[in-house]
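Each chain is listed here by its residues.
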There are 2 protein chains.
Amino acid sequence: MLTVKIISVGNIKEVFLRDAISEYQKRLTRYCKLEVIEVKEGTQKSECEQIRSKLKGTVILCDTRGKLITSEELSEKIAITSQRGSTISFIIGGSHGVGNFLDDVVYEKISLGKITLPHQLFRVILHEQIYRAFTILKGESYHK
Amino acid sequence: MLTVKIISVGNIKEVFLRDAISEYQKRLTRYCKLEVIEVKEGTQKSECEQIRSKLKGTVILCDTRGKLITSEELSEKIAITSQRGSTISFIIGGSHGVGNFLDDVVYEKISLGKITLPHQLFRVILHEQIYRAFTILKGESYHK
């Protein structure tokens, strides 16, 4: 079973966002081993050092300047990663972003859109997209 | 004060999504008169007819095939609309989409990303983006 790590900065303060994430985490247990890691807010450098220490396997950075992908393309990336190794790590930067600090370890930068979102809401979306990706790979009816 | 209408299909079943939307609706009362309209799920044609009867002012359709915009561009669109008239209507299609049924009344099609999202989660994002747009226009610190 693939291990999916989601590494992000700071904790979720809003209850409704925490509930949304819990829901998708519960659903994801059917498809992967999910590890959610929150590093402490700090300077961009300190956040990146903490993130770096948590990375494993294929590393994907969510970055609005990355390659704009569709949900189908995300599911293909997850399928390919499963063949390359047993772990995929997604990084969601904090409000400072990660600059170029992690360029040497990032395999790919992806973007889910050009809009700026609160990174806490972005976490909900990433969870939902990973869940959707697995349902696409399994040919399930969630994704139409 | 600008009236912002958000017209979408079906009601929100998940409590955490309803809570998220309520939060942004509360915040938006400072900036605009917000009208949230839910039309009944049905065929694509019946959904579109219901939507059509609710439209007013400048009509913007959220459509993944529309123009990919940034949060700043959305705020500019809202600013321009304020000069053109007093109402802006955003349409979020249901799971069938709206096809070409509303092309004669839609002023612009915008896309917030290429990913497929549950339209209920998309509603949260649109609320957040409209809130963000007003904070950009007012030069407030929410958007960095």
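Scroll up for the structure.
Residues numbered from 1 in each chain as written. Chains lettered and ligands numbered in written order. Predicted model: local features only at pLDDT ≥ 70, side-chain atom pairs only at ≥ 80, totals over all residues. Heavy atoms only, no water.

A. Quick peek at the relation of the copies chain B and chain A. Placing chain B over chain A gives an RMSD of 0.0 Å and needs a rotation angle of 180 degrees, together with 0.0 Å of translation along the axis. Here the symmetry operator amounts to a two-fold rotation axis. Among all residues of chain B, the one whose C-alpha sits closest to the rotation axis is Gly113(B), at a distance of 1.9 Å. Taken together, the interface assignments show that 100% of the residues at the interface of chain B recur at the interface of chain A, consistent with an identical surface on both copies. (Least-squares fit on C-alpha atoms with pLDDT ≥ 70 in both. Contact = heavy atoms within 4.5 Å.)

B. Helix α2 (residues 44–54) of chain A, seen in detail. Residue and element names in this part refer to chain A. Listed as buried for α2 are Glu47, Cys48 and Ile51. Seen along its axis, α2 keeps its buried residues to an arc of 95 degrees; they face one direction. Structurally, α2 contributes buried residues whose contacts are with β1 (3–9), β2 (33–39) and β4 (87–92). (Buried < 20%, exposed > 50% of the residue type's maximum accessible area, 1.4 Å probe, protein only. Helix = DSSP H or I, 4+ residues; strand = E, 2+ residues; numbered from the N terminus. Arc of directions from axis to C-beta.)

C. Layout of the pattern of salt bridges. According to the stated counting rule, one finds 28 salt bridges over all chains in the structure shown. Measuring nitrogen to oxygen at the nearest pair gives 2.9 Å for the salt bridge that ties Lys33(A) to Glu35(A). Assessed through its relative accessible area of 46%, Lys33(A) is described here as partly exposed. As a salt-bridge pair, Glu128(B) and Arg132(B) come within 2.9 Å of each other at their nearest N and O atoms. Taken as a pair, Glu128(B) and Arg132(B) lie in helix α4 (residues 119–137) at a separation of 4 residues, close to a single helical turn. On the accessibility criterion, Glu128(B) (0% relative accessible area) is buried. Among the residues examined, Arg132(B) registers a relative accessible area of 3% and is labelled buried. Counted as one network, the salt bridges with shared partners bring together Glu14(A), Glu23(B), Lys26(B) and Arg27(B). (Salt bridge = Lys/Arg side-chain N within 4 Å of Asp/Glu carboxyl O.)

D. Representation of the packing of aromatic side chains. All names here are of chain A. Tallying each qualifying case throughout the model produces 8 aromatic pairs over all chains. A ring pair is formed by Tyr31 and Tyr131, whose centres lie 6.0 Å apart and whose planes are at 55 degrees; its orientation type is tilted. Taken together, the residues Tyr31 in the loop between α1 (15–28) and β2 and Tyr131 in helix α4 (residues 119–137) connect sequence positions 100 residues apart. For the pair Tyr31 and Tyr131, a shared accessibility class is recorded, and that class is buried. For the ring pair Tyr31 and Phe134, a centre distance of 5.6 Å and an interplane angle of 5 degrees mean the geometry is stacked. Of this pair, Tyr31 sits in the loop between α1 and β2 while Phe134 sits in helix α4, placing them 103 residues apart in sequence. The class for Tyr31 is buried, based on a relative accessible area of 7%. (Phe/Tyr/Trp six-rings, centres within 6.5 Å; stacked < 30°, edge-to-face > 60°.)

E. How the structure looks around the interface of chain B and chain A. With 28 residues of chain B at the contact, the number on the chain A side is 28 residues. Between chain B and chain A lies a buried interface of about 2,300 Å² when both sides are counted; carbon and sulfur atoms form 65% of it. Contact with chain A buries surface across chain B, with Phe16(B), Lys114(B) and Ile115(B) losing the most and accounting together for 27% of the total. For the pair chain B and chain A, the number of links is 2 salt bridges. (Buried area = accessible area lost by both parts, 1.4 Å probe.)

F. Expanded view of the nonpolar core. Core analysis: the biggest nonpolar cluster contains 66 residues, and Phe90(A) and Phe90(B) have the highest contact counts within it. Apart from residues lying up to four places away in sequence, Phe90(A) is in contact with Val4(A), Lys5(A), Ile6(A), Ile7(A), Ile60(A), Leu74(A), Ile78(A), Ile110(A), Leu126(A) and Ile130(A). (Core = buried A, V, L, I, M, F, W, Y, C linked by side-chain atoms within 4.5 Å.)

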